[in-house]
Amino acid sequence: MGYYDDHMRSTKKNRKWLMPSVVGALIGAVLILLALPILVQANWLPYDFTAQENEETQESTPSGDEVNKQVNLEVNSQITEIVEDVSDTVVGVVNIKQQSIFGQSESQQGGVGSGVVYKKNNDSAFIVTNYHVIQGADSVEVVFADEEQVEAEIIGGDVYTDLAVLKVDGGHVEKVIEMGNSENLKVGEPVLAIGNPLGLQFAGTVTQGIISGKDRLIPQDFDQNGNVDWQAEVIQTDAPINPGNSGGALVNMDGQLIGINSMKYASPELEGLGFAIPIDIARPLIEDLEEDGTITRSYMGVEIFSLSDVAQYHWQNTLKLPRDVEGGVIIDGIDRMSPADQAGFQQYDVIVKMGDTEVQNVLELRQYLFTETSPGDEVKVTFYRDGELQETTVKLVSQSN
């Protein structure tokens, strides 16, 4: 009994010490864990517990420079692939003029531009370029990426949209460009311009930029008389477009044709501004030119000029217009048997509205006819004659450029 009692008393005594020790150890561990970040931050510990963690994080996470290098590599690789895929579809276009010297006719280069092979059909291939590139040419030659130079047939061209279509033997063409769309372009979207700036010695030059603006309107004065004859709707880009780039390709990052570059709309005084004809506007016109060499538009048969070109004195004293009239189009001549002649128009009638659209000048009337109507349409015309407001209906017919 004595040994058993002593053992029990010893066990109980040990248990009394065990519980406080365990609780003390747990409290100490918690205090150390709470104090450890403070000790590390104050550099009071001889060992940096975060070093290994930082090393592991650095090994698994690429640095900013590495990320930039990777992104740049991917972008440059994409551009390289696009250029390799598209370059063969961009050609040089040479304007050839015949000149007589001492009774002999000689061919001279009248200028060099660019073109894009967009279609191959049976034995023929078709190339789109700018009208001003081939304007006045006696013949046209096309220079391919392999420097092969062949004569091209001019299918047709249009001064208003600055588009022209050429045809060559299909045996010279292996690849055509894929057409995209320009309607869904976003400002800031990257693009590439490919062409022949400053001549064939720089053939296949590639410049990179972004879409700077959409639906830009550039006034055009075809006869250089100081009056705007047309407003071209174009894409604005900061990709450098130089003389010789005209007619070349503006492509997106999928390598698709989204515009036809044109130096005609640029100004030598400006830098960082390039313009291209949107492919959505160009596509139906290209098809018209390809079909019969012309673009069919509505025709009234009148010779007109803007009311703003006439001195204010004649507005009330000669034309007898009300004082609240601010603009319009004066009919100066009428073609015989034309829609205007059959509708009964007379000289000095002042047109102020076509359909429900007010027209202030020749440009607005022309754009209404060319973009809002089709041959065969009947259009209500509102006009003044001897100061009286009148209306009549004209049935439009077709006119080919």
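Residues numbered from 1 in each chain as written. Predicted model: local features only at pLDDT ≥ 70, side-chain atom pairs only at ≥ 80, totals over all residues. Heavy atoms only, no water.

Thoughts on the pairing of strand β20 (residues 388-395)
Regular strands show a simple pattern: their side chains alternate between the two faces of the sheet. Stated formally: Note on pairing: DSSP must find at least two bridges between two strands before they are called paired. For helices the rule is a DSSP run of H or I covering at least 4 residues; for strands it is a run of E covering at least 2, with both sets numbered from the N terminus onward.
Where strand β19 (residues 378-385) and β20 come together, eight bridges link them in antiparallel fashion. Bridge assignment links R385 to a residue of β20, and that residue is E388. Hairpin connection of β19 to β20: two residues between the antiparallel strands, including D386 at a positive phi of 55 degrees.

Quick word on the environment of N252
Test applied: Exposure classes here rest on a 1.4 Å probe applied to the protein chains alone. A residue is buried below 20% of its type maximum, exposed above 50%, and partly exposed in between. What makes two residues a contact is simply this: any of their non-hydrogen atoms within 4.5 Å. N or O atoms closer than or at 3.5 Å make up a polar contact, with two conditions inside protein: a donor-capable atom paired with an acceptor-capable one, and, for residues adjacent in sequence, both atoms drawn from side chains.
Mapped onto the elements of the fold, N252 is located in the loop between β11 (249-251) and β12 (256-261). In this structure N252 comes out as buried when scored by relative accessible area, which is 7%. Linking N252 and I82, residues 170 residues apart in sequence, is a C-alpha distance of 9.0 Å. Among residues more than four places away in sequence, those in contact with N252 are I82, E189, P190 and I258. At 3.0 Å, the side chain of N252 forms a polar contact with the backbone nitrogen of D254.

Observations concerning helix α8 (residues 362-372)
Across the eleven residues of α8, eight count as buried, placing the element largely inside the fold. The set of residues buried in α8 consists of V362, L363, L365, R366, Q367, Y368, L369 and F370. For α8, the capping residue at the N-terminal end is N361, with a side-chain oxygen 3.2 Å from the backbone nitrogen of L363.

Section: the nonpolar core
Defined as follows: Definition used in this section: a nonpolar core is a set of buried Ala, Val, Leu, Ile, Met, Phe, Trp, Tyr and Cys residues joined via side-chain atoms within 4.5 Å.
Judged by nonpolar contacts, the single largest core of 27 residues is most densely connected at L163 and I177. Where this core is concerned, the elements lending two or more residues are α3 (64-86), β2 (104-121), β3 (124-129), β6 (163-169), β8 (190-195), β11, β12 and α5 (279-292). Sorting elements by how many residues they give to this core places α5 first, with five residues. L163 has contacts with V128, T129, N130, Y131, G157, D158, I260, I277, A282, L285 and L289, leaving out every residue within four places of it along the chain. Counting 21 residues, the second largest nonpolar core, distinct from the first, contains W230, V302, F345 and V381.

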